[in-house]
Amino acid sequence: MKLPCDIVQDLLPLYEDDLCSQATREAVEEHLRECETCGKQHTAVQELTEPEVVVEPRQEKKAVAKSFKKIRDRWIASIVIILLLIPVLYLGVGQVRGVGPSFSNLRQIYLSNRFMQCMEAGEYEKAFEYLNLEDTKQRWLEEGHIPAEELDHFEEDTKARFLELGEELEQAGGIQNVRYIGVNGYADHFVGDYEYEIWFAAEYKGVDRQIILWVTKDGVDSGHAELSLTDPLEAMVSWNYTMYNQYTGVDISDDHGA
């Protein structure tokens, strides 16, 4: 059956998209072989058909990699936020309870750790830099037990004695394996600052010793290593008592009061 040209031209889009029956398709093809006009129309329809977009494998890989990178970056950002929130919450709890690390004692914990690390390394001159000399001197001047002129060279006197004790500590074997234990609350300091009690453990003469330091934001005020003041380690961490005894002429003893 021969189809007229107007019907064939109406059927060309369906023929091109393979949406007509087999019988119709055969009839259209027979007409196109014989009709030059409809053949040109068929060619025009083919040119108007949108070409299939071919995605190069390399471009496809780039697109997939880019998508995964976005997902990865979001996950990393989420993890970073969580990791930042954990210490903030932890420090916030310590701040409210007044026990453990908190926003107000991070500096004191840092100073005490640096002091003990220097002590462990035998760097006693560096350890000396973490002592709170100024507050101790000011307190003694206010108490009036030591003449002001005797404290004119307080820093030099304290450093000389501290380094001398450091040599004695080295001869005794020094300290090893210093470990931070924790921080125990705070109390009002005499200058209005906060003084924290910070605990450490250290191996000394083959025995684990507990060392307590009282520290403000300006440095180590004093300490206690559960030994007699005749021991170089005790004399160093309890440096202010050692110096008080030196200035006042009090014999070194187990009495840490001043």
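To continue, consider the overall build of the chain. Looking only at helices and strands, one finds 10 helices and four strands in the chain. Tracing the chain from N to C terminus, the helices and strands come up as α-α-α-α-α-α-α-α-β-β-β-β-α-α. For the chain, with 258 residues in total, the buried portion stands at 36%. At a minimum sequence separation of 6, the contacts of the chain that also span at least 24 residues come to 51%. Just so you have it, the chain exposes about 15,900 Å², and 53% of that area is on carbon and sulfur atoms.

In this section: the pattern of salt bridges. Inspection of the entire model under this criterion finds six salt bridges. When the shortest N-O distance is used, the salt bridge between arginine 161 and glutamate 164 registers 2.8 Å. Here the residue arginine 161 and the residue glutamate 164 both occupy positions in helix 8 (residues 154–171), the gap between them amounting to three residues, near one helical turn. By relative accessible area, glutamate 164 is classed as partly exposed at 40%.

All right, on to the environment of valine 220 then. Relative to the assigned elements, valine 220 resides in strand 4 (residues 219–224). For the pair valine 220 and tyrosine 196, spaced 24 residues apart in sequence, the C-alpha separation works out to 9.7 Å.

We now examine the environment of tyrosine 244. Mapping tyrosine 244 onto the fold places it in helix 10 (residues 239–248). Here the alpha-carbon distance between tyrosine 244 and histidine 145, two residues 99 residues apart in the chain, equals 9.5 Å.

Moving on, we get to the pairing of strand 3 (residues 207–216). Relative to strand 4, strand 3 is paired through five bridges, and the arrangement is antiparallel. Residue pairing in the sheet places valine 215 in a bridge with valine 220 of strand 4. Counting the residues in the hairpin turn of strand 3 and strand 4 gives two residues.

Turning our attention to the packing of helix 7 (residues 133–143) against helix 10. Working note: a packed helix pair is described by the angle between its axes plus the distance between those axes. At a closest axis distance of 11 Å, the pairing of helix 7 and helix 10 adopts a crossing angle of 40 degrees. By the angle class used here, helix 7 and helix 10 are oblique. The handedness of the crossing between helix 7 and helix 10 is right-handed. On helix 10, the residues touching Leu133, Thr136, Arg139 and Trp140 of helix 7 are Trp239, Asn240, Met243, Tyr244 and Tyr247.

Tallied over the full model, the rule gives seven aromatic pairs. Their ring planes at 75 degrees and their centres at 5.4 Å tell us that tryptophan 140 and phenylalanine 154 sit as a pair that is edge-to-face. With tryptophan 140 in helix 7 and phenylalanine 154 in helix 8, this residue pair connects regions lying 14 residues apart in the sequence. Of the aromatic side chains, those joined through ring pairs into one cluster are Trp140, Phe154, Tyr244 and Tyr247.

Where the model shows low pLDDT, its predicted coordinates should not be examined in detail. The pLDDT averaged across the chain works out to 77; a share of 67% of its residues lies at or above 70. Looking across the chain, the model is least confident in helix 4 (residues 57–97), with a mean pLDDT of 53, and most confident in helix 6 (residues 124–128), with 97. This model gives residues 81–96 a pLDDT under 50, and the stretch forms 13 contacts once residues within four places in sequence are excluded. In this model, residues 188–192 is a region of pLDDT below 50 whose contacts with residues beyond four sequence positions or in other chains number 10 contacts.

Here we come to helix 10. For helix 10, the tally of buried residues reaches seven of 10 residues, placing the bulk of the element in the interior. Those residues of helix 10 that fall on the buried side of the exposure criterion are Trp239, Asn240, Thr242, Met243, Tyr244, Asn245 and Tyr247. Turning to helix 10, the residues buried within the fold contact helix 7, helix 8, strand 4 and helix 9 (232–237). Immediately downstream of helix 10, the backbone of glycine 249 shows phi near 85 degrees, a positive value.

A word on the nonpolar core. One finds Phe115, Met119, Phe162, Ile211, Leu213 and Leu233 to be the most contacted residues of the largest nonpolar core, which totals 41 residues. The leading source of residues in this core is helix 5 (residues 106–121), at six residues.

With that settled, consider the packing of helix 8 against helix 10. Two numbers describe how helix 8 lies on helix 10: the axes approach to 11 Å, and their chain directions differ by 115 degrees. It follows that helix 8 is roughly perpendicular to helix 10 by the angle criterion. When the axes of helix 8 and helix 10 are compared, the crossing they make is right-handed. Contact residues: helix 8 offers Phe154, Asp157, Thr158, Arg161, Phe162 and Leu165, while helix 10 offers Trp239, Thr242, Met243, Gln246 and Tyr247. Classifying every residue of the contact of helix 8 with helix 10 gives six nonpolar, three polar and two charged.

Each value, and the rule that gives it
- Residues numbered from 1 in each chain as written.
- Predicted model: local features only at pLDDT ≥ 70, side-chain atom pairs only at ≥ 80, totals over all residues.
- Heavy atoms only, no water.
- Helix = DSSP H or I, 4+ residues; strand = E, 2+ residues; numbered from the N terminus.
- Buried < 20%, exposed > 50% of the residue type's maximum accessible area, 1.4 Å probe, protein only.
- Contact = heavy atoms within 4.5 Å.
- Areas by Shrake-Rupley, 256 points an atom, 1.4 Å probe, with all protein chains shown as cover.
- Salt bridge = Lys/Arg side-chain N within 4 Å of Asp/Glu carboxyl O.
- Pairing = 2+ DSSP bridges.
- Axes fitted to C-alpha atoms, helices over the stretch in contact; angles between N-to-C directions.
- Parallel < 35°, antiparallel > 145°, perpendicular 65-115°, else oblique.
- Left-handed = near helix turned anticlockwise from the far one by under 90°.
- Phe/Tyr/Trp six-rings, centres within 6.5 Å; stacked < 30°, edge-to-face > 60°.
- pLDDT = per-residue confidence, 0-100.
- Core = buried A, V, L, I, M, F, W, Y, C linked by side-chain atoms within 4.5 Å.
- Nonpolar A, V, L, I, M, F, W, Y, C, P; charged D, E, K, R; others polar.

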